[in-house]
Amino acid sequence: LSFIATTMLKLSQLRVADTAALHLKDAAGEPLYFKDPTKGAGAVEQPVLIHVYGPGSEPYRKAQLGAQRRVMALVKKNRRALEERTPEERTADTAALLADITHSVEGLDLEGRPVREGMQALYADPAAGWVADQVNAFAADWANFSKSAPKD
């Protein structure tokens, strides 16, 4: 599908949004919804959303740099240390990166924890690996942060 522009594109029109909302799906691929308990009987279903920083944002770039520094520190310490990381250590690294790029959430009870701490615990939980997989794939796709990306 192509279109013909009547005027030249401005450089600023090529910029993507810093954040985008991922409508979380369950492990079977079904969209997740919640009802706000403060609304009582009149509560309507709302999508469970994870707002994520995208690849064009400063927080995303800082998170990537932090992850690279952690890897380089391991290499500097001992090349084998990087190769011999356990699956739990690899999962913890991914969880830290994803927590760093998580802006906010809607519809998830973080059980009193700050967003970063609560989401890092969720991303590190092997039984909820499907959440980390979705966020990782979503954040890596520039199209999700396009100004023309569909909004939920």
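For clarity, every value in this text was computed on a predicted model and none was experimentally measured.

### Concerning the overall build of the protein
Point 1. When helices and strands are counted, the protein shows five helices and five strands.
Point 2. The order of α-helices and β-strands along the protein, N terminus first, is β-β-β-β-α-α-α-β-α-α.
Point 3. With respect to the three principal axes, the spread of C-alpha positions in the protein is 55 × 50 × 25 Å.
Point 4. Counting across all 152 residues of the protein, residues that qualify as buried make up 28%.
Point 5. For the protein, the share of sequence-separated contacts (at least 6 apart) that also reach a separation of at least 24 residues comes to 65%.

### A closer look at the side chain of His23
Point 1. Looking at the element boundaries, His23 is found in strand β1 (residues 19-23).
Point 2. Among the polar contacts made by the side chain of His23, one reaches the main-chain carbonyl oxygen of Leu32 at a distance of 2.9 Å.

### Here's the deal with the pattern of salt bridges
Point 1. Within this structure, the stated rule accounts for four salt bridges.
Point 2. One salt bridge connects Arg61 with Glu58, and the closest N-O pair in it is separated by 2.7 Å. Taken together, the residues span about one helical turn, with Arg61 and Glu58 both in helix α1 (residues 58-77) at a distance of three residues.
Point 3. Classification of Glu58 as partly exposed rests on a relative accessible area of 40%.
Point 4. Two residues, Asp93 and Arg85, come together in a salt bridge whose shortest N-O distance is 2.3 Å.
Point 5. Among the residues examined, Asp93 registers a relative accessible area of 27% and is labelled partly exposed.

Definitions and cut-offs
Residues numbered from 1 in each chain as written. Predicted model: local features only at pLDDT ≥ 70, side-chain atom pairs only at ≥ 80, totals over all residues. Heavy atoms only, no water. Helix = DSSP H or I, 4+ residues; strand = E, 2+ residues; numbered from the N terminus. Buried < 20%, exposed > 50% of the residue type's maximum accessible area, 1.4 Å probe, protein only. Contact = heavy atoms within 4.5 Å. Polar contact = N/O pair within 3.5 Å; in protein donor to acceptor, adjacent residues only side chain to side chain. Salt bridge = Lys/Arg side-chain N within 4 Å of Asp/Glu carboxyl O.

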